[in-house]
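Listed below, chain by chain, are the residues.
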Amino acid sequence: MKSSMEKIGKNTVKLEIEVDAEKFNEGMEKSYRKNAKNFNIPGFRKGKAPRNIVERYYGEQVLYDDAFNYVYTEEYDQAVKEHDIYPVDRPKIDVTQIGNGQSLIFTAEVTVKPEVELGKYKGIETEKKVVVVTDDDVEKELKEAAEKNSRLVNVEDRPVQEGDTAIIDFKGFVDGEAFEGGEGKNHNLVIGSGQFIPGFEEQLIGVEKNKEIDVNVTFPEGYGSDKLSGKPAVFKVTVNEIKVKELPVIDDEFAQDVSEFASLDEYKASLREKITEREEQKSKNELEDKLINSIVESSEVDIPEVMIDARINDILYDIDLRLRYQGMDLEKYVTASGQKIDEFKKQFSERARNEVKTQLVLEKIKEIEGMEVEESEFDEEIKKFAENANKNQEEFMKQLTEDDIEYIKNNILVRKTIELIVNEAILA
């Protein structure tokens, strides 16, 4: 194989690749064997005509497409390695010479990873947040634990108040007609939560148990259903029960119930330790983000639109995946929000551009520093993954693909790159 490369744009190159006649003939032979069953030539059983007869009867070009596909991938990949380029899109192929007995010549025009003019990444001066956990922080955590362990108790001697949980039956009417989705039985409604239409919950304050009232509201403009948007409605509501949240007493007994500790003081000490650990991790993440953003902002790179589009598609895929877990998909979500998919995609352009630029900048630092994944580092990472999957390392390794291994190694390199940036920073 012979190849040459011409730069035809800032991030675009054209490869000219010549495949020798013998190699192309191997492709023609594979194409013939694949397609032989489709050829029906007088004097031969279907699929049994020799290749030279097939080429004479149909024309040799009948085998070109598959023959080209058989040799293309290997030869293109070899040319990419030879010229040390990193394609970020599918190439545009143009065949300039093809036929029996001659070399195959084709060009591949492709967008490649852009060059990065790296900003300062060592010795960046910045401040690191000092973590101080106060008694108030611990008390707040205690109260949250108490909230999680609260219980609802029935109220018999008063009407509904703000903050109560009202157990209600309701049925809604618009223009005197019941509407779909407007009915519920024994629904738990926290008064003041804003769960229902504006004005609904306020009208339940002061209502006694087992009382039925008419709640008059107006659906907001732009409500999900066109039939209800902006329309006045009447809900017939019955309050079946009134419940109030009862918090546990925060004492030694509480500590024993919610933790492995025998006393409240021990539990508080444990909470302080967990808060400190959490806040230190948060501080570390903020420092890393600040340093990386500084480097990204001071670096110059002309990002091909195809890379931004690909990142947007990755973002949309993640959103779609999360929505499917909730019983919806991206198309339905976008339609329900009154947008078109192209408009929806545009809102992620800036985020995608920043993420791609960050990735390219970190890759450039990794390249300059000559970072590699040590065998011990890879083994340690595999060990963690295996433990999380409840498998031994050998068993876990067997199920990994080459792409999986590359992904794990890349994560290690990103982590090492960020560690280098932090270690080289000048912290106030």
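If you're wondering where the values come from, they're calculated on a predicted model, not measured in any experiment.

Engineer: Looking at this structure, I do not really get the overall build of the protein. What am I missing?
Structural biologist: The helix and strand inventory of the protein stands at 13 helices and 13 strands. Taking 428 residues into account, the globule formula puts the C-alpha radius of gyration at 22 Å, and the protein, at 34 Å, lies well above it. Considering only C-alpha atoms, the protein reaches an extent of 100 × 65 × 45 Å along its principal axes. Evaluated residue by residue, the protein yields a buried proportion of 36% over its 428 residues. Considering only intrachain contacts with a sequence separation of at least 6, the fraction spanning at least 24 residues in the protein is 65%. For the protein, the separation between the mean place of its 62 positive charges and that of its 95 negative charges on side chains is 5 Å.

Engineer: What's the story with the environment of asparagine 423 in this structure? I'm lost.
Structural biologist: Mapped onto the fold, asparagine 423 is located in helix H13 (residues 402-424). Residues asparagine 423 and aspartate 314, 109 residues apart in the sequence, show an inter-C-alpha distance of 31 Å.

Engineer: Would you mind showing me how to read helix H10 (residues 349-369) here?
Structural biologist: Side chains of residues three or four places apart in an α-helix project in the same direction, reflecting 3.6 residues per turn. Over its 21 residues, H10 extends 30 Å from the first C-alpha to the last, a length consistent with the 30 Å expected when each residue adds 1.5 Å. The set of residues buried in H10 consists of Ala352, Val356, Lys357, Thr358, Leu360, Val361, Leu362, Glu363, Lys364, Ile365 and Lys366. On its buried face, H10 sits against strand E5 (116-117), helix H6 (264-298), strand E12 (300-301), helix H7 (305-325) and H13. Positioned one or two residues after H10, glycine 370 has a phi angle of 60°, which is positive.

Engineer: Please explain a negative patch on the surface as it appears in this structure.
Structural biologist: Among the surface-exposed residues, Glu375, Asp379, Glu380 and Glu387 lie close enough to one another that they form a single negatively charged patch. Position of glutamate 387 among the secondary structure elements: in helix H11 (residues 375-388).

Engineer: In this structure, what is going on with the nonpolar core? I would like to understand it.
Structural biologist: In a soluble, globular protein the nonpolar side chains are often hidden away together inside. Ile295, Ile303, Leu316, Ile319, Leu330, Phe344 and Leu360 are the most contacted members of the largest nonpolar core, which has 33 residues in total. Elements supplying a minimum of two residues to this core: H6, H7, helix H8 (330-336), H10 and H13. One finds Val13, Ala67, Ala79 and Val110 within the second-largest nonpolar core, a separate group that totals 28 residues.

Engineer: Which parts of the structure should I look at to understand the packing of aromatic side chains?
Structural biologist: Centre-to-centre distance and the angle between the planes together describe a pair of aromatic rings. Going through the model one piece at a time under the given rule, you end up with 18 aromatic pairs. Between phenylalanine 170 and phenylalanine 196, the ring centres sit 5.3 Å apart and the planes meet at 80°, which makes this aromatic pair edge-to-face. Residue phenylalanine 170 is located in strand E8 (residues 165-174), and its partner phenylalanine 196 is located in the loop between strand E9 (177-190) and strand E10 (212-218); the two are separated by 26 residues in the primary sequence. Taken individually, phenylalanine 170 and phenylalanine 196 each receive the classification buried, so the pair is uniform in this respect. The structure contains a cluster of three or more aromatic residues connected by ring pairs, namely Phe170, Phe179, Phe196, Phe200, Phe219 and Phe235. Of note, lysine 113 hangs over the ring of tyrosine 86, and the distance from its end group to the ring centre comes to 4.7 Å. Over the ring of phenylalanine 378 we find lysine 409, and its NZ or CZ is 5.5 Å from the ring centre.

Engineer: When you look at the sheet that holds strand E2 (residues 12-19) in this model, what are you seeing that I'm missing?
Structural biologist: Strand pairs in the sheet, formed through backbone hydrogen bonds, run parallel or antiparallel to each other. Read across the open sheet, the 4 strands follow the order E1-E2-E4-E3; overall the sheet is antiparallel. Lying at the two open borders of the sheet, with one neighbouring strand each, are strand E1 (2-9) and strand E3 (92-97). Ignoring strand direction, the axes of neighbouring strands in this sheet form an average angle of 20°. Pairing of E3 with strand E4 (residues 104-111), which is carried by 5 bridges, proceeds in the antiparallel orientation. Bridged to isoleucine 93 within E4 is alanine 108.

Engineer: Mind showing me how you'd approach a nonpolar patch on the surface here?
Structural biologist: Residues Tyr57, Tyr58 and Val62 make up a contiguous nonpolar surface patch of about 280 Å² in total accessible area. With respect to the element layout, valine 62 can be found in the loop between helix H2 (51-58) and helix H3 (64-82). Residue classification places valine 62 among the partly exposed positions, given a relative accessible area of 34%.

Engineer: What's the story with the packing of H6 against H13 in this structure? I'm lost.
Structural biologist: Working note: a packed helix pair is described by the angle between its axes plus the distance between those axes. Direction vectors running N to C along H6 and H13 enclose 90°, while the axes themselves pass 10 Å from each other. Classified by the angle their axes make, H6 and H13 are roughly perpendicular. Residues Leu287, Glu288, Leu291, Ile292 and Ile295 of H6 form the contact with H13, whose own contacting residues are Ile418, Ile421 and Val422. Each residue belonging to the contact of H6 with H13 can be placed in one class, and the counts come to 7 nonpolar, no polar and 1 charged.

Engineer: Which parts of the structure should I look at to understand the packing of helix H1 (residues 21-35) against H2?
Structural biologist: Contact geometry for H1 and H2: axes closest at 11 Å, N-to-C directions at 85°. It follows from the interaxial angle that H1 and H2 lie roughly perpendicular. Side by side, H1 and H2 meet where Asn25, Met28, Glu29 and Tyr32 of the first sit next to Arg51, Val54 and Glu55 of the second. Here the contact of H1 with H2 is composed, by residue class, of 3 nonpolar, 1 polar and 3 charged.

Engineer: Would you mind going over the pattern of salt bridges with me for this structure?
Structural biologist: Pairing between side chains of opposite charge can happen when their charged atoms approach one another. In this structure the tally under the stated criterion is 28 salt bridges. With a shortest N-O distance of 3.9 Å, glutamate 279 and arginine 278 are connected by a salt bridge. Looking at arginine 278, the relative accessible area reads 42%, which means it is partly exposed. For glutamate 305, the salt bridge goes to arginine 353, with nearest N and O atoms at 3.2 Å. Here glutamate 305, found in helix H7, pairs with arginine 353, found in helix H10; they are 48 residues apart in sequence, far enough to count as distant. On the accessibility criterion, arginine 353 (32% relative accessible area) is partly exposed. What emerges from the salt-bridge pattern is a single network uniting Glu29, Arg33, Arg51 and Glu55.

What counts and what doesn't
Residues numbered from 1 in each chain as written. Predicted model: local features only at pLDDT ≥ 70, side-chain atom pairs only at ≥ 80, totals over all residues. Heavy atoms only, no water. Helix = DSSP H or I, 4+ residues; strand = E, 2+ residues; numbered from the N terminus. Rg over C-alpha atoms; globule rule 2.2 N^0.38 Å. Buried < 20%, exposed > 50% of the residue type's maximum accessible area, 1.4 Å probe, protein only. Contact = heavy atoms within 4.5 Å. Lys, Arg positive; Asp, Glu negative; His and termini not counted. Charge placed at Lys NZ, Arg CZ, Asp CG, Glu CD. Expected span 1.5 Å × (residues − 1). Patch = residues over 30% accessible without salt bridge, like charges linked within 9 Å, V, L, I, M, F, W, Y side chains within 5 Å. Areas by Shrake-Rupley, 256 points an atom, 1.4 Å probe, with all protein chains shown as cover. Salt bridge = Lys/Arg side-chain N within 4 Å of Asp/Glu carboxyl O. Core = buried A, V, L, I, M, F, W, Y, C linked by side-chain atoms within 4.5 Å. Phe/Tyr/Trp six-rings, centres within 6.5 Å; stacked < 30°, edge-to-face > 60°. Lys NZ or Arg CZ within 6 Å of the ring centre and 35° of its normal. Pairing = 2+ DSSP bridges. Axes fitted to C-alpha atoms, helices over the stretch in contact; angles between N-to-C directions. Parallel < 35°, antiparallel > 145°, perpendicular 65-115°, else oblique. Nonpolar A, V, L, I, M, F, W, Y, C, P; charged D, E, K, R; others polar.

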